[in-house]
Structure formats: structure tokens, C-alpha cells
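Residue-level structural notes
Below, each chain spelled out in residue letters.
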Amino acid sequence: MPLRCGQNPRRLAGEGTLEKLTTVSAEGARSTGRISQAKGQSDRTALWAADWWFLRSRWHRPAAPFFAEGQGGDTLWKRYCRWYSASTFICRIIFWCSCSSARVCISPSAPGLCRYGASVRGCGRCSESSICGAVGRRGGLSSFQALTTAIAAQVGTGNIIGACGAILLGGPGAIFWMWIIAFFGMATIYAEAVLAQETRRVAEDGSVSGGPVYYIKRAFPGRFGTFLAGFFAVALILALGFMGCMVQSNSIGETCAAAFGVPSWAVGIAVAVLAAVVFLGGIQRIAGVTEKLVPVMAALYLLGGLVVLVCRVRYLPEALGMIFRYAFVPNAIIGGSLGYALKMAVSQGVKRGLFSNEAGMGSTPHAHAMAKVKHPHEQGVVAMTGVFIDTFVVLTMTALVVISTLYAGNGILSAGAAEGVSKANMAQLAFGTVLGSRAGSMFVAVCLLFFAFSTILSWNFFGRLNVSWLLGEKAVGVYSVLAIGFIFLGSCLSNDLVWELADLFNQLMVLPNVLALVTLGGLVAAACRRK
């Protein structure tokens, strides 16, 4: 069967036991090889081999007019088809390597790829246990609801204010270290989601509960495990339920005050009232709101970022070069000795990267534990998607916008810090260079309102689960009232204070969670093999 232009050779290789691959040349269709899919050989090997033969046989050819094929050459349409196949081929390499890093980081004895491709195809089916599962039923969340709840927690002020703070203090190279943290964080969050699914509890009434406190006790039976689980629960309640919400409301208040001239305390009251309305509706209302809010806020922010990048497209190569160059010699832009500047770049990238994607903190497993999936491995892959969207899409958009407008092309920060520029207004200044000062400030304020408010909802949900486990269901009401008070308080305090408090308690959360992940690495590998 000839391989027509634009036809995916993966379909040819994935069907039957033996399939001949052919490609189109100037002289006509000719055979280029055969993939033998003998007994015992996996389908994945055939699919990747098909991609390889397709690219090898069709890439290097001269171009002709768009649809009219020149003598001995390809049309531009065929070149587009080759580019499309190459891009999908590279994407599969990236995701394959990400899954492999997860397996290697968790257990050195883990098998191959753990059927990663099969799980992705399985998660895409509209079944009760997939991403498009039943919505709002008692007994858990659909996988999509769990993902949006987790992304709502991850995508917040850390993607705008946090990224700007990392760039301002550590230089553009801090973004490189945030990427590194996110890459390995995909492995960590995979293990968190799998363990949350493996150790979750289903009550007689069908309600589901799960999270790090359950797999910490599984990792360390006895009093020591109970102590670690209790320590984690207290740290999470303080870090996310109280201090974290202060960070979000503080950022909302400052940006809205700069954009609309409304006092920060008034914005804090409005956010607290809106949060209280959602809190009273319980988990299903929180999941329903985040399910609708997350796609809208992400699309709005990415659209605005693309507009800026298109207008500053000639500075994008310089912006990308700064990220990689100043990752290792940041003293050239932030000053000081090389050792001090490198420490600042790495530490800012690590701290803000952790605050942004939350991989290893133990927050998002609460949402992933409630997902209705057939196999824990499926939700682990979905959890990795959340980190990818948070860091490599949303946060990178912020970084490119800020660096291409304020650093590249002799921007106002090209020589280092400038007077009147802080992490709170960097994004507004960056968007304002293209959209106009007023419109840029308003755009960032509206986007940050969506980001931070959705994060407040998800973090309150994670906190109430730990309050219920630690003190019982009756204490949840008191916790919600205190959380609303902290939301208002955060809008009245200084920006640096609330960020330092959040960093402190975030680090306390990581310790017991990582200990449990390392101890239960074998359980993660076993769950992967079962899939």
C-alpha cells in the first residue's frame, strides 16, 4: 500500500503482523523497507521504526511551489507534511523520556516504559474511569476534574509574580533551573499520584479520601508514621490553607490596586466573600468551579502572551539565549561574585519552581486520589501533564514575555535591577510595553485574579481534607472561617513577608512527603508493571 503525503505511517505499522512501508519519490512509489512484527515484538517498536523510516526517506528534498510539484522536487505542502511528522515524532521522544525519568528516579529496577503510550491512549477514551468520566458523582471526581483541581492549585501567583521574582533576583537564568526542577518534578508527581491512588480509602457511603497522610503511614507503620503524617497535615494546613492563601490574596490586592486604583483591603474583602461562597458548597462545588475556570484562565493568559511575543518576535532568540547563558554566569547581569550569583540563580529557580509546580510538596495528590481511573498508572501520567502545563507552558510564557520586553533589546533591566521595578509590577510593565501601560496592567490583574482565586479554592480543599483527617469533620467549619480571615489578612500585609512565610512552611511539607516517596518506590514500580 503506497504511503501518501500526509499519511501517518504509524497506522501502517500498528496493524497486522507484517506490514510493508513505502514512500513516494519523484520516480513513483517504491518500497523502502519492511517492519517485521514477529511474535513477542511490541507494537511500540514498530510505531517508532515507522516514524524513523518515514523521516529518513522523506526529509531532505528541494522545495517547489506550494501545490505544483516541480521536476524532481517536493511541493511546499509535502514539506509541511514532513514537518508535521517530525514534530509529532519529537513530541513522542519528549514524553517517552519524561516517563522513563520517572521510572528511573523512583526505582532503578523498574521495567522499560511501563506501557506509557497505552496508558495515554486509555486515558483519552470517554469512559467512566477516564478523563471524560462521570462528573460530580459521589465517590470521587472524574480524572479531568482531578486534573483541573490540581492545575488550579499549581497555576497561580507562582507563574506570574513568582517567575518575575526569580528573574529579578536570580537573573533570566533562574528560569532554566525552574525547567530542571519541573522536569524531575514530573517524575516526583507521577509517584505521588500513583501512591495516592494505591492508598486511598473508600467509605461505606462511597466517599473517597486519600493523600500523603495515607501513604506516609503506609511507608512508616507505627508511631513514627503517625507522627510524620500528623506533622505533614499540620504543615500543609499552615502552608496552603493559611499562609499560601495569604500570598494569593496579597498578589491579587497589589495588582488590582495598581491597575484599577482600588485599595488592597477592599479587594481582600471581595475575594474573601467569593471564596466563602464556594467553600460552603464543599468539594463538588470546588471541583465544578475549577473545571470551568482553569481552561478559561489559561486560554486568556496564553492568548495575551502570544500577542506580546508576536510583536517582540525579533527579540525571542536573544531572550532564549539569556535564559541559557545566565543560568551559569548570572553575575554578568545581577552583579556580585560568580559563586554568589550562581547560588542566587539556582536557589531562586528551585524555590519558585517548587512553589509553582508543587511537585514533591504533597498537595496535588489529594485531588489525584479522588480520580476514578482503572489503574493508578493512568492518573500518574495525567498528573505529569499538570506539571508540564504549569511550568513548560504557562510559566515559560511569563518568562519569555518579561525577558523579551524588559531585558532583550536594551530593555530597562538589561543592566540589572532598575528603580521602580519590583516582582509585583514586572509582568504589568512587560505586557504594558505592547498593550499599553493601562491595558497591560488591567490584563495582568484580571489574569492574576483568575489564577490566584482558583489556587485559593484548591488549597482550601487540600487543607480541609487534612483537617478532617487530623481533627475530625466538625473542625472543618472552624478551619474554613479561619482561612477566610487569612485571605483578608494577606491583602493587608507586605508582599515580602507573606512570601517568606509561604516558603518556610512549604519546605516543612516536603520533608515527610519525600521520605515516603523514597520508601515506597517499589510500590510505584509494581503499580506500573500491573498496568
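Residues numbered from 1 in each chain as written. Predicted model: local features only at pLDDT ≥ 70, side-chain atom pairs only at ≥ 80, totals over all residues. Heavy atoms only, no water.

Scanning the protein chain from terminus to terminus reveals 21 helices and four strands. Burial analysis of the protein chain (531 residues in total) assigns 54% to the buried set. Considering only contacts within the protein chain whose residues lie at least 6 apart along the sequence, 76% involve residues at least 24 apart. Here the protein chain has roughly 22100 Å² of accessible surface; of this, 66% comes from carbon and sulfur atoms. (Helix = DSSP H or I, 4+ residues; strand = E, 2+ residues; numbered from the N terminus. Buried < 20%, exposed > 50% of the residue type's maximum accessible area, 1.4 Å probe, protein only. Contact = heavy atoms within 4.5 Å. Areas by Shrake-Rupley, 256 points an atom, 1.4 Å probe, with all protein chains shown as cover.)

Attention now goes to the packing of aromatic side chains. For the structure on display, the rule yields 16 aromatic pairs. Taking the centre distance of 5.9 Å and the plane angle of 55° together, the rings of Trp179 and Phe324 count as tilted. Note that Trp179 is positioned in helix 7 (residues 174-199) and Phe324 in helix 12 (residues 316-325), a separation of 145 residues in sequence. Relative accessible area serves as the criterion here: at 44%, Phe324 is assigned to the partly exposed category. Arranged with centres 4.6 Å apart and planes meeting at 15°, the rings of Phe242 and Phe486 form a pair that is stacked. Of this pair, Phe242 sits in helix 9 (residues 223-260) while Phe486 sits in helix 19 (residues 475-490); the two residues are 244 residues apart in sequence, bridging distant segments of the chain. Of the residues examined, Phe242 reaches a relative accessible area of 9% and is grouped as buried. An aromatic cluster of at least three residues, connected via ring pairs, comprises Phe176, Trp177, Trp179, Phe324 and Phe328. (Phe/Tyr/Trp six-rings, centres within 6.5 Å; stacked < 30°, edge-to-face > 60°.)

The next thing to look at is the nonpolar core. By size, the foremost hydrophobic cluster in this structure holds 103 residues, and its most contacted members are Tyr301, Tyr407 and Met426. Among the elements that take part in this core, helix 16 (residues 376-407) stands out by supplying 15 residues, more than any other. Filtering out sequence-adjacent residues up to four positions away, Tyr301 remains in contact with Ile160, Val394, Met397, Thr398, Phe431, Phe443, Cys447 and Phe451. With 17 residues, the next largest nonpolar core counts Ala272, Phe279, Leu293 and Phe453 among its residues. (Core = buried A, V, L, I, M, F, W, Y, C linked by side-chain atoms within 4.5 Å.)

Per-residue pLDDT for the protein chain has a mean of 74; in total, 71% of the residues score no lower than 70. Least confident of the elements in the protein chain is strand 1 (residues 18-25), whose mean pLDDT is 36; most confident is helix 8 (residues 212-219), at 94. (pLDDT = per-residue confidence, 0-100.)

Okay, the packing of helix 9 against helix 10 (residues 264-279) next. At a minimum axis distance of 8 Å, the contact between helix 9 and helix 10 shows a crossing angle of 125°. When the interaxial angle is binned, helix 9 and helix 10 end up oblique. Relative to helix 10, helix 9 is oriented so that their crossing is right-handed. Along its contact with helix 9, which presents Ile252, Gly253, Glu254, Cys256 and Ala257, the element helix 10 presents Ser264, Val267 and Val271. The class makeup of the residues in the contact of helix 9 with helix 10 is five nonpolar, two polar and one charged. (Axes fitted to C-alpha atoms, helices over the stretch in contact; angles between N-to-C directions. Parallel < 35°, antiparallel > 145°, perpendicular 65-115°, else oblique. Left-handed = near helix turned anticlockwise from the far one by under 90°. Nonpolar A, V, L, I, M, F, W, Y, C, P; charged D, E, K, R; others polar.)

Topologically, Gln379 is positioned in helix 16. Relative accessible area serves as the criterion here: at 0%, Gln379 is assigned to the buried category. Those residues in contact with Gln379 that sit more than four places away from it in its chain are Ser143, Ala146, Ala193, Gln197, His368, Ala371 and Val373.

A contiguous nonpolar patch, built from Phe260, Val262, Leu300, Met442 and Val446 and spanning about 330 Å² of accessible area, is present on the exposed surface. Position of Leu300 relative to the elements: it lies in helix 11 (residues 282-311). (Patch = residues over 30% accessible without salt bridge, like charges linked within 9 Å, V, L, I, M, F, W, Y side chains within 5 Å. Salt bridge = Lys/Arg side-chain N within 4 Å of Asp/Glu carboxyl O.)

Now for helix 10. An ideal rise of 1.5 Å per residue puts 22 Å on 16 residues; helix 10 measures up with 22 Å between its terminal C-alpha atoms. Residues Ser264, Val267, Gly268, Val271, Ala272, Ala275, Ala276, Val278 and Phe279 constitute the buried set of helix 10. (Expected span 1.5 Å × (residues − 1).)

As a further point, take unusual backbone geometry. In this structure, Glu358 is a non-glycine residue whose phi angle is positive, near 60°. By the secondary structure assignment, Glu358 is in the loop between helix 14 (338-357) and helix 15 (365-368). At Asn410, a residue that is not glycine, the phi angle is positive and equals roughly 55°. Mapped onto the elements of the fold, Asn410 is located in the loop between helix 16 and helix 17 (426-435). A residue is classified by how much of its surface remains accessible, and Asn410, at 73% relative accessible area, is exposed.

Before going further, it helps to spend a moment on the environment of Leu504. On the secondary structure map, Leu504 appears in helix 20 (residues 495-519). Judged by relative accessible area, Leu504 falls into the partly exposed class, the value being 45%. In this structure, the C-alpha to C-alpha distance between Leu504 and Ala235, residues 269 residues apart in sequence, is 9.7 Å.

Before going further, it helps to spend a moment on the packing of helix 6 (residues 161-170) against helix 16. Across the interface, helix 6 lies against helix 16 with an axial gap of 9 Å and an inter-helix angle of 45°. The angle between helix 6 and helix 16 falls in the class oblique. Of the two elements, helix 6 crosses helix 16, and the hand of that crossing is right-handed. Mapping the contact onto sequence places Ala163, Cys164, Ile167 and Leu168 in helix 6 and Leu395, Thr398, Ala399, Val402, Ile403 and Tyr407 in helix 16.

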